[in-house]
Amino acid sequence: MKSHYDILIAGTGLFGAVFSHEALKRGFSVLMLERRSHIGGNVYTEKRDGISIHRYGAHIFHTSDERIWAYVNALVPFQPFINSPIANYHGHIYNMPFNMNTFSRMWDIATPKEAMEIIERQRTEIKGEPGNLEEQAISLVGRDIYETLVKGYTEKQWGRPCTELPPEIIKRIPVRYTYDNNYFTDRFQGIPEDGYTALIEKLVDGADMILNTDYVEERARWDSVADRVLYTGCLDALYGYKEGKLEYRSEIFEEERLDCEDYQGNAVVNYTDRETPWTRIIEHKHFSHAASPVTWISREYPVDYEKTGEPFYPVNDERNGKLYGIYRAMAEREKNLIIGGRLADYAYYDMDKTVAAALRKAERVL
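Position labels on residues start from 1 in each chain and follow its written sequence. Reporting of local features is limited, given that this is a predicted model, to residues whose pLDDT is at least 70; pairs of side-chain atoms are given and counted only at 80 or more, and all residues count toward the totals for whole chains, interfaces and linings. Hydrogens and water molecules were not included; the side-chain quantities draw on all heavy atoms of the structure.

Asks: It is not clear to me how the pairing of strand 9 (residues 188–192) should be interpreted in this structure. Could you clarify?
Replies: One face of the sheet, then the other: side chains in a regular strand alternate in exactly this way. Partly exposed describes any residue whose relative accessible area lies between the buried limit of under 20% and the exposed limit of over 50%, with all areas from a 1.4 Å probe on protein chains only and scaled to the type maximum. Strands are runs of DSSP state E lasting at least two residues, helices are runs of H or I lasting at least four, and both sets are numbered from the N terminus onward. With five of five residues buried, strand 9 is to be regarded as a mostly interior element. Neither face of strand 9 is open: one carries Phe 188, Gly 190 and Pro 192, the other Gln 189 and Ile 191, and all of them are buried. When DSSP finds two or more bridges between two strands, those strands count as paired. Across three bridges, the pairing between strand 6 (residues 78–80) and strand 9 is antiparallel. In the strand pairing of strand 9, Phe 78 is matched with Pro 192.

Written out as structure tokens, the structure is:
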């Protein structure tokens, strides 16, 4: 570690790693701090039994931006992966996203015309502007799909009834009147062959690194060792929560090694009934088609942020939006502070959007 750096980056997730890569290419010296014991943030992966484990949930890189796809593929090789999750509702299996396979299973029909007629008829249950998430969902896909595939999952995810959630959470629900189980519509879809940690390692190669260190806890000390700071964490924590706490939902990941070659036959299975305590089960070997006599699964349990201290999903309602605006204004007044990433922006980003945002930020400030 040197005595002084051009840039200190608090957080080694995808945004911080891309920014680090761009700074290093431009000749800047970089020190990275990470409060966890590993790099990579929520895209961190690790190998067990020859299987790449997505420690913080499924991550599939998908984009229609050829420039972003070329950027990550220039660093590490990607292998194709088409995300085709399924939903388990009380033991009945439905395809996702909602498409003709879903509708055929639910209503014993075969044509788009039949599906459209049923959904349109059920949508008319809601009159006027939807006042909550339940009304919003029914106005988009009808009562049957809402009750079977949306309601229970959403209430587990957010920890409250759909009637108490704002309609803005579900602005749209993808519905396809074709027999197409490809969840994403982007041109490019895949996963790094050796996992996301290999991608992060390439991005941060050349930066000095300190793990198990929280920038916020000794901010004055760390500010003194660099000309500028990129902060990728929560803004309310940065300012000691003095204006109040931003709300998040968190996740607990329960991992299990099983002595079988294949547990569920798919990478992602969502459990959409309210009674099952987890929202989904990930079977990691399906992401890379790993050949192994054993398998690893992860059950995901949504919980309150206070239970884990790990922020995953921002609660984007009016109260939190206003509070975040206050904190962001405070950050923007600081001359040598740069902010970016899903936590600092209080937003949920797909990975391609994270890479693009980091590249834009680097172009503007470096």
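On we go from here.
Asks: Teacher, can you tell me more about the sheet that holds strand 9 here?
Replies: For sheets, the rule is that strands pair by backbone hydrogen bonds, running either parallel or antiparallel. Strand order in the open sheet formed by three strands is 5-9-6, and the pairing between neighbours is antiparallel. The open sheet has two free edges, formed respectively by strand 5 (61–63) and strand 6, since each of these has just one partner strand. Recorded for the sheet is a direction-independent mean angle of 40° between the axes of neighbouring strands. It only takes one pair of heavy atoms within 4.5 Å for two residues to be counted as in contact. The angle between two axes is taken between their N-to-C directions and runs from 0 to 180 degrees, where each axis is a line fitted to C-alpha atoms and a helix contributes only its stretch in contact. Set on the sheet, helix 2 (residues 66–73) makes contact with strand 5, strand 6 and strand 9; between it and strand 5 the angle comes to about 150°.

Asks: What am I meant to see in the nonpolar core here?
Replies: Side chains that are nonpolar tend, in soluble globular proteins, to be buried together. As used in this record, nonpolar core signifies buried Ala, Val, Leu, Ile, Met, Phe, Trp, Tyr and Cys residues forming a set joined through side-chain atoms within 4.5 Å. Residues Leu 8, Phe 98, Phe 103, Ile 145, Tyr 215 and Leu 235 are the most contacted members of the largest nonpolar core, which totals 61 residues. Non-local contacts of Ile 145, meaning those with residues more than four positions away in its chain, are made with Phe 98, Phe 103, Met 106, Trp 107, Ile 119 and Val 150. Membership of the second largest hydrophobic core comes to 46 residues, among which are Val 18, Ala 23, Met 32 and Ala 362.

Asks: What is the right way to read helix 1 (residues 14–25) from this model?
Replies: For an α-helix, the turn length of 3.6 residues means that residues three or four places apart are oriented alike. For a helix, the expected span equals 1.5 Å multiplied by the number of residues minus one. For helix 1, built from 12 residues, the straight-helix expectation of 16 Å at 1.5 Å per residue is met to within 8% by its first-to-last C-alpha distance of 17 Å. Burial within helix 1 is extensive, with 10 of its 12 residues counted as buried. Every buried residue of helix 1 is listed here: Leu 14, Phe 15, Gly 16, Ala 17, Val 18, Phe 19, Ser 20, His 21, Glu 22 and Ala 23. At the exit of helix 1 stands Gly 27, carrying a positive phi of roughly 90°.

Asks: Can you walk me through the sheet that holds strand 10 (residues 208–210) in this structure?
Replies: Across the sheet, five strands lie side by side as 10-2-1-11-17; this open sheet has parallel pairing. The sheet is open, and its two edges are formed by strand 10 and strand 17 (337–339), each paired on a single side. Adjacent strand axes in the sheet meet at a mean angle of 20°, parallel and antiparallel pairs treated alike.

Asks: What am I meant to see in the packing of aromatic side chains here?
Replies: Centre distance and the angle of the planes are the two values used to describe a pair of aromatic rings. Here the aromatic set is Phe, Tyr and Trp, taking the six-membered ring for Trp, and pairing holds for ring centres within 6.5 Å; pairs whose planes are under 30 degrees apart are stacked, those over 60 apart are edge-to-face, and all others are tilted. Counted according to the given criterion, the structure contains 19 aromatic pairs. Where Phe 61 meets Phe 78, the ring centres are 5.8 Å apart and the plane angle is 75°; that geometry is what we call edge-to-face. One end of the pair, Phe 61, is in strand 5; the other, Phe 78, is in strand 6, with 17 residues separating them in the sequence. The same class applies to Phe 61 as to Phe 78, namely buried. Both rings, one in Phe 312 and one in Tyr 313, keep their centres 6.3 Å apart while their planes meet at 40°; by these two values the pair is tilted. For the pair shown, Phe 312 and Tyr 313 are each scored as buried. Here the aromatic residues Tyr 56, Phe 253, Phe 312, Tyr 313 and Tyr 348 are joined through ring pairs into a cluster of three or more. The side chain of Lys 245 reaches across the aromatic face of Tyr 241, ending 5.0 Å from its centre. Our definition puts a charge over a ring when NZ of Lys or CZ of Arg is within 6 Å of the ring centre and also within 35 degrees of the ring normal. One residue, Arg 299, lies across the ring of Trp 278, its end atom 5.3 Å from the ring centre.

Asks: Please clarify how the packing of helix 1 against helix 13 (residues 351–365) should be interpreted in this entry.
Replies: The angle between the axes and the distance between the axes are what describe a pair of packed helices. Between helix 1 and helix 13, the shortest axis-to-axis distance is 8 Å and the interhelical angle comes to 40°. With respect to their mutual orientation, helix 1 and helix 13 come out oblique. As for how helix 1 packs across helix 13, the hand of that crossing is right-handed. Here Leu 14, Phe 15, Val 18, Phe 19 and Glu 22 of helix 1 lie close against helix 13, whose contacting residues are Met 351, Thr 354, Val 355, Ala 357, Ala 358, Leu 359, Lys 361, Ala 362 and Val 365. Split into classes, the residues belonging to the contact of helix 1 with helix 13 amount to 11 nonpolar, one polar and two charged. Roughly parallel means an angle under 35 degrees; roughly antiparallel means over 145; roughly perpendicular covers 65 to 115; every other angle is labelled oblique. In a left-handed crossing the near helix is turned counterclockwise from the far helix by less than a right angle, and in a right-handed crossing that turn is clockwise. Each residue gets one label: Ala, Val, Leu, Ile, Met, Phe, Trp, Tyr, Cys and Pro are nonpolar, Asp, Glu, Lys and Arg are charged, and the others, such as Gly, are polar.

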